[in-house]
Every structure is written in structure tokens, then in C-alpha cells.
Amino acid sequence: MVADCDVVLIFIGESGSGKSTCINYFANFFASTGFSQTGGYANVQVVIPNRLFPQVASGFTSNERNVNDKTMSQTMHCNDYNFVWSTDENKIKIKVIDTPGFNDTDSRRDDDNIQEILQTIAKLPFITAIIITINGTNSRLSTSVKSTLDQLRSSLPDSVFDNLFFILTNCTESERNFDLKLLYEYSPHEQRIFHMQNSLFSVESRNVIENNSKNARRAELNWQDSMDTITDIMTAVQQTCATSTQIFNEMRMKREELIAHKENLIDKQKSLLQILNQLKIERDRLTNAQNDQEANQSYTTNKMIEKIDLEKKEYYSTICTEHGKVMVCHKRCGLDYQPGHNLAHFKNCAAADKSGNNCKHCQCGMNQHLHTYEIPVARMVEIEEIIQSKKAAFDQASQEVQTIQDQLNQLDIASNKMRKETDECKKGILHSIRELKKICSRFNFVEMMSTTIEKLRQEAKIARDFQTKQEFNNTANAIQKLIQDLN
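The model shown is predicted, which means the values in this text are computed figures rather than measured ones.

Conventions we followed
Residues numbered from 1 in each chain as written. Predicted model: local features only at pLDDT ≥ 70, side-chain atom pairs only at ≥ 80, totals over all residues. Heavy atoms only, no water. Buried < 20%, exposed > 50% of the residue type's maximum accessible area, 1.4 Å probe, protein only. Axes fitted to C-alpha atoms, helices over the stretch in contact; angles between N-to-C directions. Helix = DSSP H or I, 4+ residues; strand = E, 2+ residues; numbered from the N terminus. Parallel < 35°, antiparallel > 145°, perpendicular 65-115°, else oblique. Left-handed = near helix turned anticlockwise from the far one by under 90°. Nonpolar A, V, L, I, M, F, W, Y, C, P; charged D, E, K, R; others polar. Pairing = 2+ DSSP bridges. Contact = heavy atoms within 4.5 Å. Salt bridge = Lys/Arg side-chain N within 4 Å of Asp/Glu carboxyl O. Expected span 1.5 Å × (residues − 1). Disulfide = S-S within 2.5 Å.

Draft legend 1. Summary view of unusual backbone geometry. The phi dihedral of Arg 332 falls on the positive side, at around 55°, and the residue is not glycine. The class for Arg 332 is exposed, based on a relative accessible area of 53%.

Spelled out as C-alpha cells, the structure:
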């Protein structure tokens, strides 16, 4: 897009402000062509097509959309047109940048349009003049025009605003309805506010002008007045110092940094709240696990059981060895002491039945009996018994407590890290705004940050718990305070 040129003119305006028509008038001015009462439209050329001239002059191209639809902006993208202006002294190379109109019926494009304009400017080596077209028949500054000017104020370096020109279209100075006071807040130089009755292309057909001598005479006068106005504009442009766009590149980068910090702030805040919500969940889980641990920590119980101990006596007794525990069949046996099995001996024991072969107490054979001085003595003793179900519940709760505490430690580390990153985003926003204010004193950071505040408030509205609502609102309040402090 950037070619060798001496002057760069950028035309900006809302849809229907006559911007494209102005560029066509400038094209005829540079080519020394135009309308006359005798020749009519024959010597008129256009670089941007319209209803009367659907074809552009040779050497030019256009991406205009439906030229017959006046309700929408015809310019879809930024286009550049190169001209040579031959003056008495030399030939001057002119580059004209046409931009998409604002307040298009396709309103979704407005934000994209301003971004494309800024990107286009960034690619230029310098800017000589930014020419803003306003329909001079309007009696008030429309919302879209004000929005456009406000966006320009907050998007361009201060040095660029020294190169602003205004053209009030479709009117002469005496016919103007537009109140110039509405522009004063933008501090325009009075000698850079011009009027142009550029309505030559607004008729239904050429015949309306060419076949009516009165209309043709008026059209020629208006055309000549417009050419005189363009002469005055170009004279003023020649006296204007071009401004480099290098600082704009720096501003654009700072602006992108600010946007990145804004977006990151929302993302970091959401991430922080997710961590805080998880912390709350884990703390509740920890409380439940600790309660389970406490409820099941007494997993043992004491009970009395019979305990059999072998007690050595001064006497011996006959016992049976066939049982899981020692069984005394004859206490204080009167037979001779026999420590081993011996049927012949024990068939004479008082414990034997009539046959002498079996014990009448345990029903075992007497050959399974012997003498011993140690006999079993039963005593009731208290023992500690583990309740397995409670022990399992206690062990599980203890394991959960440890796992959850480890998770809480990790979440605490993550939340501290995210808080730090969130604070860094806030500091980054503050730093970017201060840097941008150095480049563009008109930078409208209040409006730019209002979208972030609105998003935070919206997140607070849809949040389900009080803590999340509070966190989002606190961040929004912090940004609002930041704005107030900077103001």
C-alpha cells in the first residue's frame, strides 16, 4: 500500500457524510477535470464508483459494494489512490486513503472499521492530513460522528491531531446547519474547517442537471466553489508539517498491551475464583474427613473372656490329651504317677468306665490319658478388641485427611501465584495507561476500561456463590478506583 509520495491524506467519516464524493472531487482537482455548464459530466471522472458513474477512471480499482444503496457504507475496506498534482512549481505525488464509513447499517463492522483504519495508518511512513467529513446539513453532532471523533481522540497520538482537517459537506458556509461549537471540544484550527457543496453525484440521473440550464449553471458554480475550497485545503495541507507514524506504532503496541492486560485480568480472575472455589470444596471435604476420623477413632472395645492357664499343683491329676485344651478327667488321681500314655495303667483310674477302655468324662480312650502336675484353671480376663468396621473407616478417613491436606497445600500455592499474576495484570493496566497518556493525552482510558468493569459486574451477577460475587465486584471496584485516581 505504501508508495513513494509527498502528501498523505486520510479521509474519515460516517456513512452518508459525503466522504467518497469528496475523494472523487479531489480526484478531478488533481486531474484538472470536472463539470462545466457546456460539457456537463463529459469531463468528469471518478475513482470511487457511484450511481452516475458505475465505472471508475482508467488505472483505478474499487471494492465498493452496492452503489445504488444509500443506506449502507459503500467502502468496505481501506483503499489507497495515488495522484499527481501539478502545480506551477512542481509535481506533487499525493496518496489518498479512503476508509470505511461509520454508523453503517451493518453496525457490527464499526469496531472492525476503526481497527482497520488504525492498522492502515500504522503502515504509512507519515501522515500529512486527516480529513474528517461531516454532513453540514445536520443540525447536531450525531452519536456516530461523536463516537468516531472520540475513538480518534483516544486512538491517535497527539501529534496526529495537529493534522486534523474538517470538511462540512453538502453545504456552503451560509447554508450550514451544523453548529461549529460542537467541534470546539476537539480544538480544530478554524482555518482548517471547510465547506463543500459536493452534491453533483446525488441526482437520480445526469439528465436532471444536463437537460436543465438553470440546474447546470448552479452545478457549475457549486463545482467551481468546491474546486476553490480544495485549492484552499491543499494550500493549508502544504503548510502542514507531516507527522511520522512511528510513534503511532509505539502507541498501538501499548494499546495492545493494555488490551492484553485487560483480557488477562478477566481470565486470571476467573482462574483465581476457580481455585478459591476448589479450596472451599476441599476445606469442606477436610472438615467431613476429620469428623469421620474423630467419630471412628475409638475403634477398640474392652470385653471379658475366659482364659485358661496351666497352673502347677502340688498334686497330679489325670488329663486327656485329645482336646484342643487340656481337660482334667480325674483330679488328684490316686494311681501311681504316670506321665505318659499307658492303657493298662489308666484303665484303673477313677475316670475310666466299667470297661476300663474309655473315659466316662471325655469319652476318649484311656490310652489317651496321662498324669500331670499342671492343670487348666479358667479365669475371666479383660481384653481390647478391634472393631474392624470402625478401624477401616478410621484408616480411610485418615488417608483422606492426608490427601486433602496435600491438595490444600497445592491449591494455596496456586492461589497465591494466581493472586500475584492478577495483581501484575492490574499493575500492567496502570502502567500501560500511564504510558499511553504520555503519547496521547486524549486517550480515553475511562471508556476503554468501562468494558472490563462491565464484564466483571456481569460475571458477578451470574456467579452462584457470595464469595465469587464479592471477588468479581471487588476487582471491578479496584479498577474504578484506579480510574478515579488517574483522573
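Draft legend 2. Representation of the packing of helix α7 (residues 246-295) against helix α9 (residues 388-439) within the structure. Here α7 crosses α9 at 160°, and the two axes come no closer than 6 Å. If you check the angle between α7 and α9, you find them roughly antiparallel. Relative to α9, the crossing made by α7 is left-handed. Grouping the constituent residues of the contact of α7 with α9 by class yields 24 nonpolar, 14 polar and 17 charged.

Draft legend 3. Structural view of the sheet that holds strand β11 (residues 369-386). As summarised here, the arrangement of the three strands in space is β10-β9-β11, forming an open sheet in which the pairing is antiparallel. The open sheet terminates on both sides in strands that have one partner only, identified here as β10 (327-330) and β11. When the angles between neighbouring strand axes are averaged without regard to direction, this sheet yields 20°. The pairing of strand β9 (residues 300-320) with β11 spans 17 bridges and is classified as antiparallel. Bridge pairing in β11 places Thr 300 opposite Ile 386.

Draft legend 4. Looking closely at the environment of Ser 415. By secondary structure assignment, the location of Ser 415 is in helix α9. Distance from Ser 415 to His 341, taken between C-alpha atoms, is 81 Å for residues 74 residues apart in sequence. Residues in contact with Ser 415, not counting those within four places in the same chain, are Leu 272, Ile 275 and Leu 279.

Draft legend 5. Local environment of the pattern of salt bridges. For the coordinates displayed, the defined rule picks out 16 salt bridges. Between Arg 51 and Glu 204 there is a salt bridge, with its nearest N and O atoms 3.6 Å apart. Taken together, the positions of Arg 51 in the loop between α1 (19-31) and β2 (79-86) and Glu 204 in the loop between β7 (193-196) and α5 (207-210) put the pair 153 residues apart, joining distant regions of the chain. Overall, Glu 204 belongs to the exposed group, its relative accessible area being 59%. Residue Lys 280 is joined to Asp 284 by a salt bridge in which the shortest nitrogen-to-oxygen separation is 3.5 Å. With a gap of four residues between them, Lys 280 and Asp 284 both fall in helix α7, about one helical turn apart. Sharing partners across several salt bridges, the network here consists of Asp 309, Glu 311, Lys 313 and Arg 379.

Draft legend 6. Summary view of α1. The end-to-end C-alpha separation of α1 is 19 Å, in line with the 18 Å expected for 13 residues at 1.5 Å each. The buried fraction of α1 amounts to 12 of the 13 residues, a majority that puts the element mostly inside the structure. Of all the positions in α1, only Lys 19, Ser 20, Thr 21, Cys 22, Ile 23, Asn 24, Tyr 25, Phe 26, Ala 27, Asn 28, Phe 29 and Phe 30 are classed as buried. Two residues or fewer past α1, Ser 32 is found with a positive phi of approximately 60°.

Draft legend 7. Main features of the packing of α9 against helix α11 (residues 466-486). Two elements in contact, α9 and α11, have axes whose closest approach is 11 Å; the angle formed by their N-to-C orientations is 25°. When the interaxial angle is binned, α9 and α11 end up roughly parallel. As α9 packs across α11, the resulting crossing turns out to be right-handed. Listed contacts from α11 to Arg 419, Lys 426, Ile 429, Leu 430, Ile 433 and Arg 434 of α9 are Glu 471, Thr 475, Leu 482 and Leu 486.

Draft legend 8. The arrangement of the state of the cysteines in detail. Following the criterion strictly, the structure yields zero disulfides and no others. Left unpaired, Cys 349 is separated from the closest cysteine sulfur, that of Cys 333, by 3.8 Å. A disulfide-free cysteine, Cys 359 has its sulfur positioned 3.6 Å from the sulfur of Cys 329, the nearest such atom.

That's the geometry; what it means functionally is another story.
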